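If you want the building blocks of each chain, they are given just below.
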Amino acid sequence: MSTEDTPSAPRSLAEALRARDDASLGALLRSRPDLITPVPTDLTQLVTRAGTRASVVRALERLDRFALQTAEALAVAADPAEYGELLGLMAGDDADPAVVAALPHALDVLREQALVWGGDDRLRLVRTARELLSPSPQHPSPTGLGPTVREATSGMSPGRIQEIVTAAGLPSTHDAVSAVTALAALFGDRERMAALLDGAPAESLEVLERLVWGPPYGQVTADPAPRLRWLLDRGLLLPTAPGTVVLPREVALHLRRGRAHRTPEPVPPPVEAAAAHRPQVVDSTAAGQAYTALATVEELLKDWDEGGPAVLRAGGLSVRDLKRTAVALDVPEPVAAFWVELAYAAGLIASDGEADERYAATPAWDEWREQPAAERWARLVTAWLAATRTPGLVGGRDAKDRTLSALGPGLDRSAAPEVRHRVLALLAGLPEGAASAAASVLARLRWERPLRGDRHEGDLRGRLAEWTLSEAELLGVTGRGALSGHGRALLGLPPAPARQTGAEPSGPGDKLPVHHHHRPAPPTPLPPAEQAVASAAAARLLAPLLPEPLDHVLLQADLTAVAPGPLERPLADMLGVLADVESKGGATVYRFTPGSVRRALDAGQSASDLHAFLAAHARTPVPQPLAYLIDDVARRHGHLRVGAASSYVRCDDEAVLNEILADKRATALGLRRLAPTVLAAQADPAGLLEGLRSMGFAPAAESAEGDVLITRALAHRTPPRSAPDPVPDGPPVPDDTLLSAALRAIRAGDLASTAPRKPGTAPAADGALPRTDSAETLATMQAAVLTGEALWIGYVNAEGAASQRLIAPIRVEGGFVTAYDHTADEVRTYPLHRITGVAELADDAG
């Protein structure tokens, strides 16, 4: 008796899943969350959904290379296949020990994913997966194998088949089917096949060598050369279409010594350390980058504080605005795009939604800039880890050949968070302080997800990994290419074991001791709540490494001030008004100019205020040139007053007004004298102020009451905006609560659909609802109340969703039946008019 005939052998995937326990079925639903979106009513519906093309493609894309190679081998094996046949296809005649050891786990993965079912003696690949992976002229198999002898000879005449069998040294048969079977058996017999090929011309063997690893198809003329004729006569090449021949699968497997793949890859390529650094050096370098990241984002937001660039009609920044931003930040344009997108992902900038729409800081920016530096960093990196927007794509083209712009549409890539997390997790697996070459990380990622590509963008995961490595360095998650201590905490990992004094390497060339972590990095990104805890832990580790803000600067005689480190915010804000930034780096150099001093006076400061400010925050005496500059600008500041007439300028000194009227540069202002101390102008007040300042004067604006206006830069804020939501990569992984509820619903629905019914009451079609008229339904319900028997009913709810249920009626009255619902495991009341029909269960249903 065959295994399939035994009670324990599943006859379908549904039966195989029905035999699983809840832990195994839950593992399937976790690995393929699309199967419970929405929750299926029973196992039959679950299997139907698991066999759809979209779901199978998604499952195949999440297989590692060896599991995928195993599925590809099953697609070219017999259906069903024995484990020994699969092992031969994977390990070859030489029985590669690494493949032999890894194959059971790969097969378990395929079974868990419901891509393979059946025992080891009858392995079946689900039909949709077989259709996707089997060889065909339109879709060549990744194995490089062609059709079997039976498939390739399906349209061949019986006479021609007999000629091939005879030429191959086999006795002729009475029918084509037995002839094809004998020929396939010959090609699958190693000894007889070797003897046949021993007599082949060398040129014929060269042809086979060219086709053996694929593609298996070749072109021939109407009069083939002798080397091809020898192969065609013996069926070693078979015609598939006029002018086209194919190498049969059995012949290729003999030449390959039984292997379906040229290079099986049972073991993932290791992520190797390319350089080693002291962990303290890595952490301090990463902390320095983290500080620079905060300073860069602050500079970007200050640049856009009064309103940033305009929003393109199609959305996003123009190329010109991105270039201007890059110049302002003193970084290349791709890096500028990264900082802009990061601020957007963190909810710090957004479009203001006005008619003349432009980008600006959000109210969250004011809150963010007041937080401690480590907490600000944690918010940025948390947003970066979860963001699906991909700044590396900026400047490229989409599928419709449109340019992708920063902050514009089309930048979301749902795989980005998973790739970022995985790259950092691979770095976390290295010895502490070790950095890996990008090529090593990319090779590992390609092994883990070989099918996750895009036909328009090629190896998207590889590009995402490269961008992750560079972005992690910019953000200070890594330092010198190695994962920092706070970067490790960001993944939810515990700190590395205490470092031994004297056991640390002193330079990049030294060897590092391997530190075994308490637990490996989680395989997927952390849930939001757990990520918030991990980010807070990372911030606590980073905080001591960041430089403390300073409350002083060093004034120099050349009208500059040097800030030897980060400044406290009130000092930095005031100095930013009083002076212009000349250079940045470890120390920031500010330069005092007449224009910068006038800017401080326009903001409401007096000369005495500025002197007091500098004296309080300078570690050196205030240089005399700087004191003279402040007094000189203050003396002339406000001597002229500009107001709105269209505009006017007034001054108590008539000689100054005479000087202005005589100056040819004032012609464009349209000035005329209204009184000895007042000039009227055609220009508006802002234009008049700017014109007089360009002529060397220092006018001040005044109000309608004649008071000097204090001009401060008006911060432009958007209305409250939330950060952009990441685009999910399919349905989310179900949590324990949803998973438990889904399992109960599926088990209960399966119980309802498979419970044995009395003869003559089963539905006509598998899965169909029972159908009875209202009188029969009512009578059966009333009888069940008296006997206490359970019934099988079909029910359609108010939304029109149909389901099958097992109920034990308790009472029937007023058009309703109250019953214990075995499917829901609770007492429920159902309107009788929504019950499609009822069937009694067989006596042995329990």
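Every value quoted in this text rests on a predicted model; they were computed, and no experiment measured them. (Residues numbered from 1 in each chain as written. Predicted model: local features only at pLDDT ≥ 70, side-chain atom pairs only at ≥ 80, totals over all residues. Heavy atoms only, no water.)

Q: So what's going on with the confidence of the model for the protein? Which residues, and what values?
A: Chain-level pLDDT for the protein is 85 on average; 90% of the residues reach the 70-or-more range. At the level of individual helices and strands, the protein shows its lowest average pLDDT in strand β16 (residues 641–643), which scores 65, and its highest in helix α18 (residues 333–345), which scores 96. Segment residues 499–518: pLDDT under 50, and 37 contacts once partners within four positions in sequence are set aside and those in other chains are kept. (pLDDT = per-residue confidence, 0-100. Helix = DSSP H or I, 4+ residues; strand = E, 2+ residues; numbered from the N terminus. Contact = heavy atoms within 4.5 Å.)

Q: Explain the sheet that holds strand β3 (residues 217–219) to me, using residue names and the numbers behind them.
A: Whether parallel or antiparallel, the strands of a sheet pair through hydrogen bonds between backbone atoms. Pairing in this open sheet of three strands is antiparallel, and the strands run β3-β5-β4 from one edge to the other. Because the sheet does not close on itself, it has two edges, and the strands there are β3 and β4 (238–241). When the angles between neighbouring strand axes are averaged without regard to direction, this sheet yields 40°. For β3 and strand β5 (residues 244–246), the ladder comprises three bridges, and the chain directions are antiparallel. Residue pairing in the sheet places Tyr 217 in a bridge with Val 246 of β5. (Pairing = 2+ DSSP bridges. Axes fitted to C-alpha atoms, helices over the stretch in contact; angles between N-to-C directions.)

Q: Explain the pairing of strand β22 (residues 802–813) residue by residue, including any values.
A: The sheet contact formed by strand β21 (residues 791–796) and β22 spans six bridges and is antiparallel. For Ile 793, the partnering residue across the bridge sits in β22 and is Arg 805. Once β21 ends, the chain turns through five residues before running back antiparallel as β22, passing Gly 800 with a positive phi of about 90°. As defined by bridge partners, β22 adjoins strand β23 (residues 816–821) across six bridges and the pair is classed as antiparallel. Directly across from Glu 813, in β23, lies its bridge partner Phe 816. Hairpin connection between β22 and β23: a loop of two residues separates the two successive antiparallel strands, and Gly 814 in this loop has a positive phi of roughly 60°.

Q: With reference to specific residues and values, describe unusual backbone geometry.
A: Here the residue pair Thr 37 and Pro 38 is connected by a cis peptide bond, since its omega of 0° sits within 30 degrees of zero. Residue position: Pro 38 is located in the loop between α2 (22–31) and α3 (43–50). The phi angle at Ala 114 is positive, at roughly 60°, despite the residue not being glycine. Checked against the element boundaries, Ala 114 lands in the loop between α7 (97–112) and β1 (116–117). Residue class for Ala 114 comes out buried when judged on its relative accessible area of 1%. Non-glycine residue Arg 257 carries a positive phi angle of around 60°. Counting through the fold element by element, Arg 257 comes out in the loop between α15 (249–255) and β6 (273–276). (Buried < 20%, exposed > 50% of the residue type's maximum accessible area, 1.4 Å probe, protein only.)

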